[in-house]
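Analysis of the macromolecular model
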Amino acid sequence: MGFARTCSVALVGVEGVVVEVQADLEPGVAAFTLVGLPDKSLSESRDRVRAAVVNSGAEWPQKKLTVGLSPASVPKGGSGFDLAVAAAVLGAAERIDPRAIADLVLIGELGLDGRVRPVRGILPAVLAAADAGYRQVVVPEQTAGEAALVPGVSVLGVRSLRQLIAVLTDEPVPAEEAVEEGRPDAMLAGLLVPGAGIGTGLASDPTDPAGGPDLADVAGQHRARRALEVAAAGSHHLLLSGPPGAGKTMLAESLPGILPPLTRQESLEVTAVHSVAGILPPGEPLVHRAPYCAPHHSATMQSLVGGGNGLPRPGAVSLAHRGILFLDEAPEFSGKALDALRQPLESGHVVIARAAGVVRLPARFLLALAANPCPCGRHSLQGAGCECPAALVRRYQARLSGPLLDRVDLRVEVEPVTRADLLGQGDRGESSATVAARVREARARAAARLADTPWNVNSEIPGHELRTRYLAAPGALAAAERDIERGLLTARGLDRVLRVAWTVADLAGHDRPDSQDIALALELRTGVTRGVPVGAGERA
């Protein structure tokens, strides 16, 4: 009787569970039994593993073979267990030393010819293995760079099962034929999932350093440009409303260009989500730029927050983690889909409960909404001939519910572009690079102030801390207090005004918000003019 064990990782959402793969050989009729709550794709690994072992030059044991995946109570799926199953079988057959694979974590799919194919979710799987105390992992060669992002883990990238056998038995490692340059590599197909929205989680073309339209190309819209700068500096949610053709979509698409690069920890979080979702571009093991996701208004609630058959998959809110979620034509989204955004906007994560299990996915994003004033879009224009009945306009605007708008920090009315601005006769606005430099400076001030706290940007500071620890200048809150008494501000609204005021103060280089910083924050939230200068943080 032969027995061997090794390890692999089962992914539940973007979190991994280390699974022990055990192989047992007993005398009897040759059979292959796989137990441990596998799904259909994992059950098919019996045929893949048998063919891969034989075609790799090893002998398949002609005995009763039982492979167990422990813990058996955790659902397991996908083809990433193939490599671990093959190693455990070869260890039980004494083709390789069972002790050599006992502390290894192996992840990869096997082709019938013995080649090791890449799979999704390598980064979160290796992170889970490292957290469990494992220090040696074997992954497909194409994903070795992604696995190497985890510190303290020794990564071995293999191209075939033959190479793995040679490494474990100290035999000469056979050379595998590489793909010719210029020819498509079919092995990379496992990293991208058809229908998962390939590329929707990226800001734009990775080869484009600009990250979208330049702000200098936006005609006019000085107040909207100011709001974009404040939103980027403090990661505040934004609503752009105005007639069609005013530039709302262009403004939102230029937002990624003024966001600072992701920190190392943020890059790992974003890369883990994109790897699981199957939208991580081959050759780009680490995402450095803030993601930008703009789903169509026909998107369902499940596509926004996550869902699918079996265990839920990441939705748009998770693909936009640490980046921007832009909802163009926001009132055209279903009310159920929009209201599902309320909880992740507050908590920074989404918990999805399904019959197959409960999954917690990260979802800390900057929400940008664009909306027309009415179905025809001409309601706010004088003499434009809007024929929408008043009741229809009210119903259209009510599609963005009060509780959702209460979570939006900045509300800006985008005015129609004037002839002078459109024809280039007005002042050309600042470029994205200039605005991005101010945003980075403001983020640096906020990071220095929040260095010993669990928060990174002003939008994450709890309201209690804003009212007790991070105080505004004496008398600065007088205008906000009057708005609360008039019912123009809720308790949540006051907290969000204080967060925006701290961001405005950071942009202006102030130690703490003064009365004009508070007035600007109130104007950006309520839309009521307070007489503050157009430039963020400037003084008249």
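Since the structure is predicted, the reported quantities are computational estimates derived from the model, not experimental observations. (Residues numbered from 1 in each chain as written. Predicted model: local features only at pLDDT ≥ 70, side-chain atom pairs only at ≥ 80, totals over all residues. Heavy atoms only, no water.)

**Considerations on the overall build of the protein chain**
Heads up, the rule is: Put simply, DSSP H or I for four residues or longer makes a helix, DSSP E for two residues or longer makes a strand, and each gets a number counted from the N terminus. Each residue is assigned to one of three classes by its accessible area relative to the maximum for its type, calculated with a 1.4 Å probe on protein chains only: buried under 20%, partly exposed between the two thresholds, exposed over 50%. The contact definition used throughout considers only heavy atoms, calling two residues in contact when any of these lie within 4.5 Å. All accessible areas in this document rest on Shrake-Rupley with a 1.4 Å probe, and a residue is counted as covered only by the protein chains that are shown.
Secondary structure assignment for the protein chain yields 22 helices and 16 strands. Counting every position in the protein chain, which comprises 540 residues, the buried fraction comes to 51%. If you take every contact in the protein chain between residues at least 6 apart in sequence, the share linking residues at least 24 apart comes to 72%. Entry remark: accessible area of the protein chain is about 23600 Å², with carbon and sulfur atoms responsible for 51%.

**Observations concerning helix 7 (residues 161-168)**
Most of helix 7 is tucked away: six of the eight residues are buried. Buried within helix 7 we find Leu161, Gln163, Leu164, Ile165, Ala166 and Leu168. The first or second residue beyond helix 7 is Asp170, which carries a positive phi of 60°.

**Comments concerning the pattern of salt bridges**
What counts, and what does not: The working definition used for a salt bridge is a side-chain nitrogen of Lys or Arg within 4 Å of a carboxyl oxygen of Asp or Glu.
Tallying each qualifying case throughout the model produces 26 salt bridges. When the shortest N-O distance is used, the salt bridge between Glu332 and Arg399 registers 3.7 Å. Of this pair, Glu332 sits in the loop between strand 12 (324-327) and helix 13 (335-339) while Arg399 sits in the loop between helix 15 (390-397) and helix 16 (402-405); the two residues are 67 residues apart in sequence, bridging distant segments of the chain. Judged by relative accessible area, which is 35%, Glu332 ranks as partly exposed. Take Arg399: its relative accessible area is 39%, and that puts it in the partly exposed class. For the salt bridge of Asp339 with Arg342, the shortest nitrogen-to-oxygen distance reads 3.3 Å. For Arg342, a relative accessible area of 25% translates into the label partly exposed. Within the structure, one salt-bridge network assembled from shared partners comprises Glu346, Asp406, Arg407, Asp409, Arg492, Arg496 and Arg525.

**So, the packing of aromatic side chains**
What counts here: In this analysis, rings of Phe, Tyr and Trp, with Trp reduced to its six-membered ring, are considered paired at centre separations within 6.5 Å, and the interplanar angle assigns stacked below 30 degrees, edge-to-face beyond 60, and tilted for intermediate values.
Counted under the stated rule, the structure contains three aromatic pairs. With 5.7 Å between their ring centres and 40° between their planes, Phe32 and Trp60 make a pair best called tilted. Placement of the pair is Phe32 in strand 3 (residues 31-35) and Trp60 in the loop between helix 2 (45-55) and strand 4 (64-70), with a sequence separation of 28 residues. With a centroid separation of 6.2 Å and 85° between ring planes, the pair formed by Tyr470 and Trp502 is classed as edge-to-face. With Tyr470 in the loop between helix 19 (463-468) and helix 20 (478-485) and Trp502 in helix 21 (residues 491-508), the pair connects residues that are 32 residues apart, well separated along the chain.

**Describing the sheet that holds strand 15 (residues 366-371)**
What counts here: Whether two strands pair depends on DSSP finding at least two bridges between them. Every angle, taken between N-to-C directions, lies between 0 and 180 degrees, and every axis is a line fitted to C-alpha atoms, over only the stretch in contact when it is a helix.
Read from one edge to the other, the open sheet built from five strands follows the order 11-12-15-10-16, with strand pairing classed as parallel. Both outer strands of the open sheet, strand 11 (292-293) and strand 16 (410-413), are each paired with one neighbouring strand and no more. Relative to strand 15, strand 10 (residues 238-241) runs parallel, the two sharing four bridges. Across the sheet, Leu238 pairs through a bridge with Ala368, a residue of strand 15. Lying on the sheet, helix 8 (residues 222-234) is in contact with strand 10, strand 15 and strand 16; it crosses strand 16 at an angle near 165°.

**Here's the deal with the packing of helix 8 against helix 22 (residues 515-526)**
Here is the rule we go by: Here roughly perpendicular refers to angles of 65 to 115 degrees, roughly parallel to angles under 35, roughly antiparallel to angles over 145, and oblique to all remaining angles. Basically, the charged four are Asp, Glu, Lys and Arg, the nonpolar ten are Ala, Val, Leu, Ile, Met, Phe, Trp, Tyr, Cys and Pro, and anything else, Gly included, counts as polar.
With their axes 12 Å apart at the nearest point, helix 8 and helix 22 run at an angle of 110° to one another. The pairing of helix 8 with helix 22 is recorded here as roughly perpendicular in orientation. For the pair formed by helix 8 and helix 22, the contact residues are Arg223, Arg226, Ala227 and Val230 on the first element and Leu520, Glu523 and Leu524 on the second. Partitioning the contact of helix 8 with helix 22 into residue classes produces four nonpolar, no polar and three charged.

**Here's the deal with the nonpolar core**
Which entries qualify depends on this criterion: Buried Ala, Val, Leu, Ile, Met, Phe, Trp, Tyr and Cys residues form a nonpolar core when they are joined through side-chain atoms within 4.5 Å.
Within the largest apolar cluster, 61 residues are counted, with the highest numbers of intra-cluster contacts made by Leu251, Ile258 and Leu524. No other element matches helix 21, which puts eight residues into this core. In contact with Ile258, other than residues within four places in its own chain, are Leu215, Leu228, Glu229, Ala232, Ser432, Val435, Ala436 and Val439.

**A few points about the confidence of the model for the protein chain**
We apply this condition: Predictor confidence is given residue by residue as pLDDT, running from a minimum of 0 to a maximum of 100.
Here the protein chain averages 87 in pLDDT, while 90% of its residues score no lower than 70. Taken element by element, the protein chain is modelled with least confidence in helix 17 (residues 419-422), mean pLDDT 69, and with most confidence in strand 5 (residues 105-106), mean pLDDT 98. Predicted confidence for residues 198-210 stays below pLDDT 50, and this span has 29 contacts to residues more than four positions away or in other chains. Confidence drops under pLDDT 50 across residues 536-540; counting only partners more than four residues distant or on other chains, this segment forms 15 contacts.

**Things to note about a nonpolar patch on the surface**
As a reminder of what qualifies: Exposure above 30% relative accessible area and the lack of any salt bridge qualify a residue for a patch; like charges then connect within 9 Å, and the nonpolar side chains Val, Leu, Ile, Met, Phe, Trp and Tyr within 5 Å.
There is a patch of nonpolar side chains on the surface, built from Leu156, Val167 and Val173 and spanning about 200 Å² of accessible area. With respect to the secondary-structure elements, Val173 resides in the loop between helix 7 and helix 8. Classification of Val173 as partly exposed rests on a relative accessible area of 48%.

**Re the packing of helix 3 (residues 82-92) against helix 7**
When two helices pack together, their arrangement is given by the angle between their axes and by how far apart the axes lie. Stated formally: Crossing handedness: left-handed means the near helix sits turned counterclockwise from the far one by under a right angle, and right-handed means the same turn made clockwise.
Put simply, helix 3 and helix 7 touch, their axes get as near as 12 Å, and they point 45° apart. The angle between the axes of helix 3 and helix 7 places the two elements in the oblique class. Seen from above, helix 3 lies across helix 7 with right-handed handedness. Residues Leu83, Ala86 and Leu90 of helix 3 touch helix 7, and the partners they reach there are Leu161, Leu164 and Ile165. Tallied by class, residues from the contact of helix 3 with helix 7 come to six nonpolar, no polar and no charged.

**Focus: helix 20**
Which entries qualify depends on this criterion: Taken from the helix axis, the directions to the C-beta atoms give the arc we talk about.
Along helix 20, the residues classified as buried are Ala479, Ala480 and Asp483. In a view along the axis of helix 20, the buried residues occupy a sector of 100°, so they form one face of it. Of the surrounding secondary structure, the elements contacted by the buried residues of helix 20 are helix 21 and helix 22. Positioned one or two residues after helix 20, Gly487 has a phi angle of 85°, which is positive.

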